[in-house]
Amino acid sequence: MSAYHSDLDLNVTDTTGNGVEVDVATNLLNGTVRLSVLWTQEIYLHPDDAERVARSLLRAAEHGRHIAETRSPGTDQSTGPSQ
């Protein structure tokens, strides 16, 4: 029996279609959070670190959406965003 409980609402897979999935699970014994990239590696995080990762992912998603919305098909996409 596993001590981890996965977020059953999370359904995230690799965009290349190779079957790699993301799983977020909480250890019911000590509260640590596991972020797994299934079929390759996994990482274990303290709850505060998990929140930092989540916020970083949200920032990255917002930034990625902004980039996708502002670029048109004729735009030179060889240069990255300035940081």
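Structural data are supplied above this passage.
Criteria and thresholds
- Residues numbered from 1 in each chain as written.
- Predicted model: local features only at pLDDT ≥ 70, side-chain atom pairs only at ≥ 80, totals over all residues.
- Heavy atoms only, no water.
- Pairing = 2+ DSSP bridges.
- Helix = DSSP H or I, 4+ residues; strand = E, 2+ residues; numbered from the N terminus.
- Salt bridge = Lys/Arg side-chain N within 4 Å of Asp/Glu carboxyl O.
- Buried < 20%, exposed > 50% of the residue type's maximum accessible area, 1.4 Å probe, protein only.

With 5 bridges joining them, strand S4 (residues 33–38) and strand S5 (residues 41–45) adopt antiparallel strand pairing. Its bridge partner lying in S5, Arg-34 is registered against Tyr-44. Between S4 and S5, which pair antiparallel one after the other, the connecting turn spans 2 residues, and Trp-39 there sits at a positive phi close to 80°.

To continue, consider the pattern of salt bridges. For the structure on display, the rule yields 3 salt bridges. The partner of Arg-34 in a salt bridge is Asp-23, with the nearest N and O atoms 3.2 Å apart. One end of the pair, Arg-34, is in strand S4; the other, Asp-23, is in strand S3 (residues 21–27), and 11 residues separate them in sequence. Residues Arg-34 and Asp-23 agree in their burial class; the two are buried. With a shortest N-O distance of 2.6 Å, Asp-49 and Arg-52 are connected by a salt bridge. On the criterion of helical spacing, the pair formed by Asp-49 and Arg-52 is a turn pair, its members being 3 residues apart in helix H1 (residues 47–70). A relative accessible area of 30% means that Asp-49 is categorised as partly exposed.

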